[in-house]
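Coordinates in review
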Amino acid sequence: MNTSTHFDAITAFVFIGVFQGLVLSLFFIFKPSPNRNANKFQGLFLLSLTLCILEQLLNMTGYIVKVLPLTNSTEALNLVIGPFYIFLSKEALTRQIQRRSGSITYFPCFTSYTSVST
C-alpha cells in the first residue's frame, strides 16, 4: 500500500474551496433571515456537497490512508444532494413546502443505505 502524500497547487485551491463551503454552509444554516427554510436547505445542500468534495480531496492527496474510517463515509450523502436541491428550489420559489406532496419519500433511501453501510 502506498502511503505517500502530496499536496500541490490544485489541491490547495480545493482545500480553500472546502473550507469556504463549510463556513458558508454553517452561515446559511444558523443565520436568521426572512426566508429561513430556503437558507436551511441551501446550507444542508452545500454541506453535503462540501463533505463529498472533502473526501475526494483526501483521496487526491493520499491523506485518506491516515483516516481510514472516513473512506466511503460520504456515499450516503450522494442520496440527499438531489432532495435538498429540490426542497431548496421549491422553498425559494413558493416560500412553502407541501408536507403532503410526498417530500418525505426521498429520505428512506438515505437512512437505509446509512444503516446498512455502517
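Refer to the structure presented above.
In this report, we go over the structure that sits alongside the text. As the structure is a prediction and not an experimental result, all values here were calculated from the model.

With that settled, the discussion passes to the packing of helix α1 (residues 9–30) against helix α2 (residues 36–61). Where α1 contacts α2, the axes come no closer than 8 Å and their chain directions differ by 155°. In terms of their interaxial angle, α1 and α2 are classed as roughly antiparallel. Handedness of the α1/α2 crossing: left-handed. When the residues that make up the contact of α1 with α2 are grouped by side-chain class, the tally is 15 nonpolar, eight polar and two charged.

The next subject is a nonpolar patch on the surface. Among the surface-exposed residues, Phe7, Phe13, Phe15, Ile16 and Tyr63 lie close enough to one another that they form a single nonpolar patch of about 570 Å² accessible area. By secondary structure assignment, the location of Phe7 is in the segment before α1.

Attention now goes to the environment of Ala38. Note that Ala38 resides in helix α2. Note on Ala38: relative accessible area 4%, which makes it buried. Here Ala38 is in contact with Leu88, Glu91 and Ala92, once residues within four sequence places are set aside.

Attention now goes to the environment of Thr5. Take Thr5: it is sitting in the segment before α1. Under the relative-accessibility criterion, Thr5 is labelled partly exposed at 33%. With 56 residues separating them along the chain, Thr5 and Thr61 place their C-alpha atoms 5.5 Å apart. When near neighbours in sequence (up to four residues on either side) are disregarded, Thr5 contacts Thr61, Gly62, Tyr63 and Lys66.

Across soluble globular proteins, nonpolar side chains show a tendency to be buried alongside one another. Ranked by size, the top nonpolar core spans 10 residues in total: Ala38, Phe41, Phe45, Cys52, Leu77, Val80, Ile81, Phe84, Phe87 and Leu88. Elements with a contribution of two residues or more to this core: α2 and α3 (78–94). Among the elements that make up this core, the one with the highest residue count is α3 (five residues). Apart from the residues within four sequence positions on either side, Cys52 is in contact with Thr74, Leu77, Asn78 and Ile81.

Rules used in this analysis
- Residues numbered from 1 in each chain as written.
- Predicted model: local features only at pLDDT ≥ 70, side-chain atom pairs only at ≥ 80, totals over all residues.
- Heavy atoms only, no water.
- Axes fitted to C-alpha atoms, helices over the stretch in contact; angles between N-to-C directions.
- Helix = DSSP H or I, 4+ residues; strand = E, 2+ residues; numbered from the N terminus.
- Parallel < 35°, antiparallel > 145°, perpendicular 65-115°, else oblique.
- Left-handed = near helix turned anticlockwise from the far one by under 90°.
- Nonpolar A, V, L, I, M, F, W, Y, C, P; charged D, E, K, R; others polar.
- Patch = residues over 30% accessible without salt bridge, like charges linked within 9 Å, V, L, I, M, F, W, Y side chains within 5 Å.
- Areas by Shrake-Rupley, 256 points an atom, 1.4 Å probe, with all protein chains shown as cover.
- Salt bridge = Lys/Arg side-chain N within 4 Å of Asp/Glu carboxyl O.
- Buried < 20%, exposed > 50% of the residue type's maximum accessible area, 1.4 Å probe, protein only.
- Contact = heavy atoms within 4.5 Å.
- Core = buried A, V, L, I, M, F, W, Y, C linked by side-chain atoms within 4.5 Å.

Coordinates in, geometry out; function isn't part of it.
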